[in-house]
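Results of the structural survey
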Amino acid sequence: VFTRFEKIEIQAAYWDGDEVVVIAKNSGSSPAVIDMILVNGLPCMTGLTDQLSIGQVFQWTVTPGTNCVRTGGVTNEIALHTTSGKTYPVAVLVP
C-alpha cells in the first residue's frame, strides 16, 4: 500500500530590499494547499488558497507590517502552513 503525502521544500528565502521572497516546491506525492503564512509565529497572510500540484514551484512575497516581517537587523521566521496542518519554516535575516 502506497500512502500519498505532501512535502514542501523551501528552495529559497531572501530579503530583496522591500519584502521577503519565499520560493517553495511540492516534492511530495500529493497536492498541497498553502492556507496561511506565519511570521515569527503569528499569522501574517491568511485565507490563502495557493494549491501546489506535485512538482510545482510557487513564489510568495511577504512585506513588512503588523504581525509580518520586522526590519532592522532582525532574523524573521517565515513559515508556510498547509491545510493538512503542517508548517514549513525558514529563517530570513532582514537588514
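Remember, it's a predicted structure, so these values are computed and weren't measured experimentally.

A word on the sheet that holds strand 7 (residues 87-94)
Read from one edge to the other, the open sheet built from 4 strands follows the order 4-3-6-7, with strand pairing classed as antiparallel. Here the strands that pair on one side only, and so sit at the sheet edges, are strand 4 (42-52) and strand 7. With strand direction ignored, the average angle separating the axes of adjacent strands in the sheet is 25 degrees. Pairing analysis gives 5 bridges linking strand 3 (residues 32-39) to strand 6 (residues 74-82), with the strands arranged antiparallel. Residue pairing in the sheet places isoleucine 34 in a bridge with threonine 82 of strand 6.

Thoughts on the state of the cysteines
Think of a disulfide as a covalent bridge from one cysteine sulfur atom to another cysteine sulfur atom. The final tally for this structure, using the stated rule, is 1 disulfide. Here cysteine 44 pairs with cysteine 68 through a disulfide, and the sulfurs are 1.8 Å apart. Taking the sign of the torsion about the S-S bond as the criterion, the disulfide between cysteine 44 and cysteine 68, at about 105 degrees, is right-handed. Of the two residues, cysteine 44 sits in strand 4 while cysteine 68 sits in the loop between strand 5 (57-62) and strand 6, which places them 24 residues apart along the sequence. Exposure remark for cysteine 44: the relative accessible area of 18% places this residue in the buried category.

What counts as what
- Residues numbered from 1 in each chain as written.
- Predicted model: local features only at pLDDT ≥ 70, side-chain atom pairs only at ≥ 80, totals over all residues.
- Heavy atoms only, no water.
- Pairing = 2+ DSSP bridges.
- Helix = DSSP H or I, 4+ residues; strand = E, 2+ residues; numbered from the N terminus.
- Axes fitted to C-alpha atoms, helices over the stretch in contact; angles between N-to-C directions.
- Disulfide = S-S within 2.5 Å.
- Buried < 20%, exposed > 50% of the residue type's maximum accessible area, 1.4 Å probe, protein only.

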